[in-house]
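For reference, the chains in residue letters:
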Amino acid sequence: MPEEPDLAAASRPLRPREKLQSRGVRPLTESELLSLVLGTGSPGRSALRLGRVLAKRRLQELAEWPLRRWLAIAGVGPARAAALMSAFELGRRALESGGGARAVRGPEDVIAQVADLRRARREHFVVLLLNARHEIQCRETVSIGSLNASIVHPREVFLPAIVHSAASVVLVHNHPSGDPEPSEEDLAITRRLVEVGELVGISVLDHVIVAARGDVSFRSRRLL
């Protein structure tokens, strides 16, 4: 006699790995994807439940978390933190290498690479490293500050530029307040970084502020 169908199994929602195997990766939710990276849960908290907790955060925020921030989450130890950070870094590198070299010819080319910062709730200071043809080699986040301030030291800006043999850099930061107008602190930091860039032979091509209500290019404003 033919076997009776397992109605209980048929009605049970697919687990993330089963869902991936039967439908592919794209239908998976962010919490399901995170649970697969986590692999296993911890006592009292499954990987899927932990994935749901993490998915309450924006992916852009998670992608910028340092190791100590991951370790502050219950159930995420060093191994899981390493897996999560590696997954986000692979995604970032795939985006950076996917479309070939992107030349920066003006502020609009910069803004296209950092539009995600408009939604950031904390201030991020980012450096785009360029080669001699003004093509973007990589994007480095050198500082994540509070809601209204980010302290940037020249060595944090120019160390990755020196390591990657960048010919020039573009400075970028966001204003979580939504107002893109540069503050006196922004002007002072920019002047200092331009001076350091001249000393080390790496020019600062522009400093762009992105915000919900617009963007400001220091080069366009003739503030450099």
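Structure: above.
We now turn to the structure provided with this report. (Residues numbered from 1 in each chain as written. Predicted model: local features only at pLDDT ≥ 70, side-chain atom pairs only at ≥ 80, totals over all residues. Heavy atoms only, no water.)

## Here's the deal with the side chain of arginine 139
Worth spelling out the cut-off: Each helix corresponds to a stretch of at least 4 residues labelled H or I by DSSP, and each strand to a stretch of at least 2 residues labelled E; elements are numbered beginning at the N terminus. Exposed residues in this analysis have more than 50% of their type's maximum accessible area, buried residues have under 20%, and partly exposed residues fall in between, with area computed by a 1.4 Å probe over protein chains only. Polar contacts, as used here, are pairs of N or O atoms within 3.5 Å; protein pairs need one atom able to donate a hydrogen and one able to accept it. Residues neighboring in sequence count only if both atoms are side-chain atoms.
Mapped onto the fold, arginine 139 is located in strand β2 (residues 136-144). Classification of arginine 139 as buried rests on a relative accessible area of 19%. A polar atom in the side chain of arginine 139 sits 2.9 Å from the backbone oxygen of glutamine 113. Polar side-chain contacts of arginine 139 include one of 3.0 Å to the side chain of aspartate 116.

## Quick word on the sheet that holds strand β3 (residues 168-174)
Backbone hydrogen bonds are what pair the strands of a sheet, in a parallel or an antiparallel way. Note the cut-off: Two strands qualify as a pair provided DSSP detects at least 2 bridges between them. Helix axes are fitted to C-alpha atoms over the stretch in contact, other axes to C-alpha atoms as well, and angles between N-to-C directions run from 0 to 180 degrees. Contacts are assigned to residue pairs with any non-hydrogen atoms lying within 4.5 Å of each other.
Spatial strand order, β2-β1-β3-β4-β5: five strands in an open sheet with mixed pairing. Only two strands of the sheet have a single partner each, and these edge strands are β2 and β5 (214-217). With direction set aside, neighbouring strand axes in the sheet form an average angle of 20°. Examined bridge by bridge, strand β4 (residues 203-211) and β5 share four bridges and lie antiparallel to one another. Along β5, the bridge assignment pairs valine 208 with serine 217. Lying over the sheet, helix α8 (residues 107-114) contacts β1 (124-130), β2, β3, β4 and β5, oriented at roughly 60° with respect to β4. Here helix α10 (residues 184-200) sits on the sheet and contacts β1, β3 and β4; the angle it forms with β4, its principal contact strand, is near 155°.

## Quick word on the nonpolar core
For clarity, the cut-off: Nonpolar cores were defined as sets of buried Ala, Val, Leu, Ile, Met, Phe, Trp, Tyr and Cys residues, with membership established by side-chain atoms within 4.5 Å.
Phe125, Val127, Val157, Val169 and Leu171 are the most contacted members of the largest nonpolar core, which totals 16 residues. Counting residues per element, the ones that place at least two in this core are β1, β2, α9 (154-163), β3 and α10. Valine 169 has contacts with Val127, Leu128, Leu129, Phe158, Ala161, Ile202, Ser203, Val204, Leu205 and Asp206, leaving out every residue within four places of it along the chain.

## Looking at helix α4 (residues 47-55)
For an α-helix the count is 3.6 residues per turn, leaving residues at separations of three or four pointing the same way. Let me state the cut-off plainly: Working note: the arc is built from the helix axis to C-beta atom directions.
Taken as a whole, α4 has its buried residues at Ala47, Leu50, Gly51 and Leu54. Buried residues in α4, looked at end-on, bunch into an arc of 105°, giving them a common side.

## Topic: the pattern of salt bridges
Note the cut-off: For this document, the term salt bridge refers to a Lys or Arg side-chain nitrogen within 4 Å of an Asp or Glu carboxyl oxygen.
Applying the stated criterion to the full structure yields eight salt bridges. The salt bridge partner of glutamate 135 is arginine 133, with a shortest N-O separation of 3.3 Å. For glutamate 135, a relative accessible area of 18% corresponds to the buried category. Salt bridges here are not isolated pairs; linked through shared partners, they connect Arg57, Glu61 and Arg121.

## Let's talk about the packing of α9 against α10
To be explicit about the condition: An angle below 35 degrees is read as roughly parallel, one above 145 as roughly antiparallel, one from 65 to 115 as roughly perpendicular, and any other as oblique. Note on convention: the crossing is left-handed when the near helix lies turned anticlockwise from the far helix by less than a right angle, right-handed when the turn is clockwise. Side-chain classes follow a simple rule in which Ala, Val, Leu, Ile, Met, Phe, Trp, Tyr, Cys and Pro form the nonpolar group, Asp, Glu, Lys and Arg form the charged group, and the remainder, Gly included, forms the polar group.
Taken N-terminus to C-terminus, the directions of α9 and α10 make an angle of 40°; their axes are 10 Å apart at the nearest point. The pairing of α9 with α10 is recorded here as oblique in orientation. Handedness of the crossing formed by α9 with α10: right-handed. Contact residues: Pro154, Val157 and Phe158 in α9; Arg192, Leu193, Val196, Gly197 and Val200 in α10. Within the contact of α9 with α10, the residues separate by chemical class into six nonpolar, one polar and one charged.

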